[in-house]
Amino acid sequence: KGSKGISAFVLERGSYLDDALGAVNQLLRDHRSGEVYAMDTSLLDLLHAVQRRCERDGPFEVISGYRSPSTNEMLRRNSTGVAKRSLHTQGRAIDVRIPGLDTGDLRRAAMELSAGGVGYYPKSAFVHLDTGRVRAW
């Protein structure tokens with residue numbers, strides 16, 4: 001969802017609502033296996049910060065959220081560039097785009113925050129964001 005959508009999940013004391021987090025976790029589940037995992041709330045905060053930096057309030061398009069270890073291993077066998085210990089398998093990474101926003105601009109905004117990993121995939125038109133150490137590729 002847009003910034004209003006993510007902000008709606010926060011109580012006035014800065015805590016996430018359990019029911020809303022459950023809905024987010026369901027939305028970002030492994031779409032291949034159906035497995036649901038608790039996403040890192042810092043990742044949700046990062047999405048919100050990136051969206052604000054980009055001055056957008058529309059939705060993200062999610063390419064990949066959580067990945068089960070078996071899904072991640074299958075992807076590693078069948079493609080290049082999939083990390084063995086991907087933060088997707090820990091609910092700490094997401095691949096996204098924002099409709100109408102150049103992915104290069106999305107990448108720049110994420111990198112300016114210095115809040116985790118940023119991967120840029122211009123041919124596939126998405127940006128990887130994670131809550132790991134600050135790095136870029």
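Here the structure is shown first, and the text comes after it.
Keep in mind that this is a model prediction, so the values were computed, not measured.

Peer 1: Just to check I follow, could you spell out the sheet that holds strand 5 (residues 135-136) for this structure?
Peer 2: The strands that make up a sheet pair up through hydrogen bonds in the backbone, lying either parallel or antiparallel. With respect to topology, 5 strands assemble into an open sheet ordered 1-2-4-3-5, the strand pairing being mixed. At either end of the open sheet lies a strand with only one pairing partner, and these are strand 1 (61-64) and strand 5. The sheet contact formed by strand 3 (residues 117-121) and strand 4 (residues 126-130) spans 4 bridges and is antiparallel. Bridged to Val-118 within strand 4 is Leu-129. The sheet contacts of helix 3 (residues 41-53) involve strand 2 (93-97) and strand 4, and relative to strand 4 the element is tilted by about 135 degrees. In the packing of helix 5 (residues 103-113) onto the sheet, the strands contacted are strand 2, strand 3, strand 4 and strand 5, and the crossing angle to strand 3 comes to about 170 degrees.

Peer 1: Teacher, can you tell me more about the packing of aromatic side chains here?
Peer 2: Where two aromatic rings form a pair, the distance of their centres and the angle of their planes describe that pair. If you walk through the whole model with that rule in mind, you get 2 aromatic pairs. The interplanar angle of 0 degrees and the centroid separation of 4.7 Å between the aromatic rings of Tyr-37 and Tyr-66 together place this pair among those described as stacked. In this pair, Tyr-37 sits in the loop between helix 2 (18-27) and helix 3 while Tyr-66 sits in the loop between strand 1 and helix 4 (69-78), placing the two residues 29 residues apart along the sequence. Given a relative accessible area of 33%, Tyr-37 falls into the partly exposed group. You can call Tyr-66 buried: its relative accessible area is 3%. Centroid distance Tyr-121 to Phe-126: 4.7 Å. Interplanar angle 20 degrees. Geometry classified as stacked. Exposure remark for Phe-126: the relative accessible area of 12% places this residue in the buried category.

About the cut-offs
Residues numbered from 1 in each chain as written. Predicted model: local features only at pLDDT ≥ 70, side-chain atom pairs only at ≥ 80, totals over all residues. Heavy atoms only, no water. Pairing = 2+ DSSP bridges. Helix = DSSP H or I, 4+ residues; strand = E, 2+ residues; numbered from the N terminus. Contact = heavy atoms within 4.5 Å. Axes fitted to C-alpha atoms, helices over the stretch in contact; angles between N-to-C directions. Phe/Tyr/Trp six-rings, centres within 6.5 Å; stacked < 30°, edge-to-face > 60°. Buried < 20%, exposed > 50% of the residue type's maximum accessible area, 1.4 Å probe, protein only.

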